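# Report on the structure
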Amino acid sequence: MNSHTTYLVYGPSATLKRMSSKLFSDYEPKFLHIRKFESIQTEIAVAVYEEYEKQINSSVTLTCIFESTPQQNKIVLKKTGGRMGFRGSSLSEEQNVEANVMNFIFDFTKRYGLTLQEELVSDQKEEE
């Protein structure tokens, strides 16, 4: 089972370049660090979203690593915190931060005609 989700987005480089800035302006993260590498035309952004759920007294953190190159965008989402296990019916009807970020990615790629691919990588080592 994967502990993170990785998406690859392909399309025109100008549109790919706008995607990260649009995401971070629509859904402002609690922490954001951007590093640009001009020699290889790559921009890496690490954003940390935090959401506190008062009803169940837990905090959920979503780390979003956004690597933008002229050929593709690689987006890695890692969710930590919260409570796991069976808790009966859901207490919260509203969407959480992870759902908002994923919906933005799906909507942006669909709206601008980009190609979205989920990268499936297993965290478990293969048995010999």
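The following paragraphs examine the structure supplied in this document. (Residues numbered from 1 in each chain as written. Predicted model: local features only at pLDDT ≥ 70, side-chain atom pairs only at ≥ 80, totals over all residues. Heavy atoms only, no water.)

## Details of the overall build of the chain
On a plain count of helices and strands, the chain comes out with two helices and six strands. Mapped from its N terminus to its C terminus, the chain presents α and β elements in the order β-α-β-β-β-β-α-β. Taken over 128 residues, the chain has a buried fraction of 31%. For the chain, the proportion of contacts with a sequence separation of at least 24, taken over those separated by at least 6, is 56%. A total accessible area of about 9,000 Å² is found for the chain, and carbon and sulfur atoms account for 49% of it. (Helix = DSSP H or I, 4+ residues; strand = E, 2+ residues; numbered from the N terminus. Buried < 20%, exposed > 50% of the residue type's maximum accessible area, 1.4 Å probe, protein only. Contact = heavy atoms within 4.5 Å. Areas by Shrake-Rupley, 256 points an atom, 1.4 Å probe, with all protein chains shown as cover.)

## Looking at the pairing of strand β5 (residues 72–81)
Here strand β1 (residues 5–10) runs beside β5; their pairing, made up of six bridges, is antiparallel. Counterpart to Thr5 in the pairing with β5 is Leu77. Relative to β5, strand β4 (residues 58–68) is paired through nine bridges, and the arrangement is antiparallel. Note on β5: the bridge partner recorded for Ile65 is Val76. The hairpin turn running from β4 into β5, its antiparallel successor, is three residues long. (Pairing = 2+ DSSP bridges.)

Take it as geometry only, folks, not as evidence of what the structure does.
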